[in-house]
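Below are the chains, spelled out letter by letter.
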Amino acid sequence: MMWDRVSMSLRGQAARRVGLLLTGSVLAALTLPLLLPFPQREEGVTLCYPVVGPVQRFNPDLSAAALARTRAHEDAHAAQCRRDGAIGHFVRGAFPSKRLAAEAEAYCAEANFGVSKGGAARLEYARIQDELREMPWFRRLSSDALNNSLATQCPMIAVAAAREEADWQARRHGAESR
């Protein structure tokens, strides 16, 4: 009987220690990204936490124009976090095709912002195509897969970009034939 109490007491202490260790690990995983210095190459990041929701960080070295563009991109990720929830957002990012759709949506928000500020749709669209191609997660995907994802997520920009590109090519070839 006494050994049963000792055994129960030891199990209870072990359970508390495991619980404290687990709680500390979770807290460290959630707070360290907010406390560590911002990576030099990154412009912004949106972290999606349970209960709290999206938390955004931006590179302090960005110009005002770059910050506004990056905010448009990260705001799209924040909306995805709110729509999908933290667990859904995490799971979505684990699969390349779903991650591509999420990034394409965010880059389309960025391109829409650029066009709304007077940028040419064909140049904005080409820029976001290049950005997606350079992302390590998508290097194995074909250009067609990347382009199809962008066209699906932002059909208005894709159509405007194609129209502007055709007009630009026609003007360029018209000027060469003279």
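Within each chain, residue numbers correspond to sequence positions counted from 1 in written order. Local features are withheld for residues below a pLDDT of 70 in this predicted model, meaning they are given only at 70 or higher, and side-chain atom pairs are given and counted only at 80 or more; totals for whole chains, interfaces and linings count all residues. Note that the side-chain values use all heavy atoms of the structure and ignore hydrogens as well as water.

Thoughts on the nonpolar core
Part 1 of the reasoning: Put simply, buried Ala, Val, Leu, Ile, Met, Phe, Trp, Tyr and Cys residues joined by side-chain atoms within 4.5 Å make one nonpolar core. The classification of residues rests on relative accessible area computed with a 1.4 Å probe and restricted to protein chains. Under 20% of the type maximum is buried, over 50% is exposed, and intermediate values are partly exposed. Grouped together as the largest cluster of nonpolar side chains are 18 residues, with contacts concentrated most on Tyr-125, Ile-128, Leu-132, Phe-138, Leu-150 and Cys-154.
Part 2 of the reasoning: Helix and strand definitions follow DSSP, with helices as H or I runs of at least four residues and strands as E runs of at least two, each counted in order from the N terminus. Looking at this core element by element, the count peaks at five residues for helix α3 (residues 96-116).
Part 3 of the reasoning: Those residues within four positions of Tyr-125 in sequence are excluded, and the remaining contacts are Asn-147, Leu-150, Ala-151, Cys-154, Ile-157, Ala-158 and Ala-161. Only heavy atoms enter the contact rule, under which two residues are in contact if any of them lie within 4.5 Å.

A look at the state of the cysteines
Part 1 of the reasoning: Criterion for a disulfide: a pair of cysteine sulfur atoms at a distance within 2.5 Å. Following the criterion strictly, the structure yields two disulfides and no others.
Part 2 of the reasoning: Paired by a disulfide, Cys-48 and Cys-81 hold their sulfur atoms 2.0 Å apart. The S-S bond linking Cys-48 to Cys-81 shows a torsion near 80°; that makes this disulfide right-handed. Of this pair, Cys-48 sits in strand β1 (residues 44-49) while Cys-81 sits in helix α2 (residues 64-94), and the two are 33 residues apart along the sequence. The pair formed by Cys-48 and Cys-81 is uniform in burial state, with each residue classed as buried.
Part 3 of the reasoning: Note on cysteine connectivity: Cys-108 is disulfide-linked to Cys-154, with sulfurs 2.1 Å apart. Between Cys-108 and Cys-154 the sulfur-sulfur dihedral comes to about -50°; the bridge is accordingly left-handed. Of this pair, Cys-108 sits in helix α3 while Cys-154 is found in the loop between α5 (143-153) and α6 (155-176), placing the two residues 46 residues apart along the sequence.
Part 4 of the reasoning: The class for Cys-108 is buried, based on a relative accessible area of 3%.
Part 5 of the reasoning: The class of Cys-154 is buried, set by a relative accessible area of 4%.
Part 6 of the reasoning: Cysteines bonded in the protein chain are numbered consecutively along the chain; their disulfide partners then correspond to 1-2, 3-4.

The values are spatial; any link to function lies outside them.
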